[in-house]
Amino acid sequence: MDEVKQIVTDIKNKNVKPIYFLMGEEPYYIDKISDFIESSVLDEAERGFNQMVLYGRDVTIDDIVGHAKRYPMMAEHQVVIVKEAQDLARSIEKLAKYAENPQPTTVLVFNYKYKKIDKRKALYKTLKKNGIVFESKKLYDNQVADWIRRVLAPKKYEITPKAAQMLVEFLGTDLSKINNELEKLQIILPQGTQITPEHVEENIGISKDYNNFELRKAVGERNTVKAFKIVHYFGDNPKDNPMVVTVSLLFAFFSQLLTFHGLSDKSPRSVASALRVNPYFVNDYITAARNFPMRKVSGVVATLREFDVKSKGVGSNAVPQGDLLKELLVRIFS
């Protein structure tokens, strides 16, 4: 986020570069920077003659360079934005020649999503020298909750750890999807609000009681009644609660428990750092470790690998998801 802020600040201060090559697995920041350039470099009157949007599937590198070499009309700059530039992956190195001596009055933007160029080749080195190369990396699951808090803070909102975790477990690491849901909450809730699980349940449709976070907690506590209630709900609502996600999250949880058992320093700060979790959740791991000794955890991990295959339809095509989840719990608790 700091790199993004610096790019935006420089553009606001009229310190624009002739090329912005935005690449990487996470499209959210690529879109944010590109949209900011599209709306900010030129004023409304200048855009009609001096701003164009191209699509990688429809153009060649030669076409793009031809547009980039034109001079602006009655403006200081022209802006050329190439969306879906990853469609040009096979020929993208041809851009190196233009990047060696880019047109100073053109702001050329490439949205190169889900991929990145080879950093050993001439194009990358030339772009770094004469423009901006921004790599938008996918966040790990354990980084997204903190990202949510950082996005909300400047807008004067807070969020409880459980509410943030509910969003992560329901929406995954897709920052665009998460941001869309956060924007909905900001429309509904006044500034200064602390977003709670109840807000998430009422306005986004994620159950605060029947979700993977609560299942994981119930399993760790060996609360069999609550765990079976949750998987029964999952069985009745399989589209909203796919088994493959549930198994994946339980696998991650028990893998972390293995790490926990191997720690020499089990202080809350050390555990939070080693497991890469919010300190708020450390007690869940301490409780689970008491209920599941290391040997049992190893067995559960093996069981989860088996059910991961079953959740993908291998050897269990006729078995309903709810029944598989109940069988999984029996094996975990036995």
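Data block above holds the structure.
Cut-offs used in this document
Residues numbered from 1 in each chain as written. Predicted model: local features only at pLDDT ≥ 70, side-chain atom pairs only at ≥ 80, totals over all residues. Heavy atoms only, no water. Pairing = 2+ DSSP bridges. Helix = DSSP H or I, 4+ residues; strand = E, 2+ residues; numbered from the N terminus. Axes fitted to C-alpha atoms, helices over the stretch in contact; angles between N-to-C directions. Contact = heavy atoms within 4.5 Å. Parallel < 35°, antiparallel > 145°, perpendicular 65-115°, else oblique. Left-handed = near helix turned anticlockwise from the far one by under 90°. Nonpolar A, V, L, I, M, F, W, Y, C, P; charged D, E, K, R; others polar. Buried < 20%, exposed > 50% of the residue type's maximum accessible area, 1.4 Å probe, protein only. Phe/Tyr/Trp six-rings, centres within 6.5 Å; stacked < 30°, edge-to-face > 60°. Lys NZ or Arg CZ within 6 Å of the ring centre and 35° of its normal.

Asker: I'd love a proper account of the sheet that holds strand β1 (residues 19-24), names of residues and values included.
Answerer: The parallel open sheet is built from five strands, whose spatial order is β2-β3-β4-β1-β5. Sheet topology places β2 (51-55) and β5 (132-135) at the edges, where each strand pairs with a single neighbour. Between one strand and the next, the sheet's axes are offset by a mean angle of 15°, whatever the strand orientation. Set on the sheet, helix α6 (residues 122-130) makes contact with β1 and β5; between it and β5 the angle comes to about 115°.

Asker: Before we move on, can you summarise the packing of helix α13 (residues 243-261) against helix α17 (residues 321-333) with the specific residues and values?
Answerer: Working note: a packed helix pair is described by the angle between its axes plus the distance between those axes. The N-to-C vectors of α13 and α17 enclose an angle of 15°; their axes lie 11 Å apart at closest approach. If you check the angle between α13 and α17, you find them roughly parallel. Like other packed secondary-structure pairs, α13 and α17 cross with a definite hand, here right-handed. Across the interface between the two elements, Met-243, Thr-246, Val-247, Leu-250 and Phe-254 of α13 pack against Gln-321, Leu-324, Leu-325, Leu-328 and Ile-332 of α17. Its residues placed into classes, the contact of α13 with α17 shows eight nonpolar, two polar and no charged.

Asker: Residues and numbers for unusual backbone geometry, please.
Answerer: Note: most peptide bonds trans; most residues except glycine with negative phi. Of note, Lys-14 is a non-glycine position whose phi angle comes to about 70°, a positive value. Summarising the element assignment, Lys-14 is placed in the loop between α1 (2-12) and β1. Residue classification places Lys-14 among the exposed positions, given a relative accessible area of 65%. In this structure, Tyr-114 is a non-glycine residue whose phi angle is positive, near 65°. Structurally, Tyr-114 can be placed in the loop between β4 (106-113) and α6. Here Tyr-114 falls in the partly exposed class, since its relative accessible area comes to 44%.

Asker: Help me get a handle on the environment of Val-41, residues and values and all.
Answerer: With respect to the element layout, Val-41 can be found in the loop between α2 (27-40) and α3 (44-50). Relative accessible area serves as the criterion here: at 16%, Val-41 is assigned to the buried category. Residues Val-41 and Glu-3 lie 38 residues apart in sequence; the distance between their C-alpha atoms is 19 Å. With residues near it in sequence (within four places) discarded, Val-41 still touches Ile-11, Val-16, Phe-36, His-77, Val-79 and Val-107.

Asker: Requested: an account of the packing of aromatic side chains, with residues and values cited.
Answerer: Scanning the entire structure with this criterion turns up 11 aromatic pairs. Seen in terms of ring centroids, Phe-21 and Phe-110 are 5.5 Å apart; in terms of plane orientation they differ by 25°. Their pairing is stacked. Taken together, the residues Phe-21 in strand β1 and Phe-110 in strand β4 connect sequence positions 89 residues apart. Note on Phe-253 and Phe-254: the rings are 5.5 Å apart at their centroids and 80° apart in plane angle, and the pair reads as edge-to-face. Judged by relative accessible area, Phe-254 falls into the buried class, the value being 0%. Here the aromatic cluster, defined as three or more aromatic residues joined through ring pairs, consists of Phe-253, Phe-254, Tyr-285 and Phe-292. The ring of Phe-292 has Arg-222 sitting right over it, with the charged end atom 4.5 Å from the ring centre. Over the aromatic face of Phe-260 sits the side chain of Lys-266, whose NZ or CZ is 5.4 Å from the ring centroid.

Asker: Give a detailed account of α6, specifying residues and quantitative values.
Answerer: Here α6 has its buried residues at Leu-123, Tyr-124, Thr-126 and Leu-127. In this fold, the buried residues of α6 make contact with β1, α5 (96-100) and β5.

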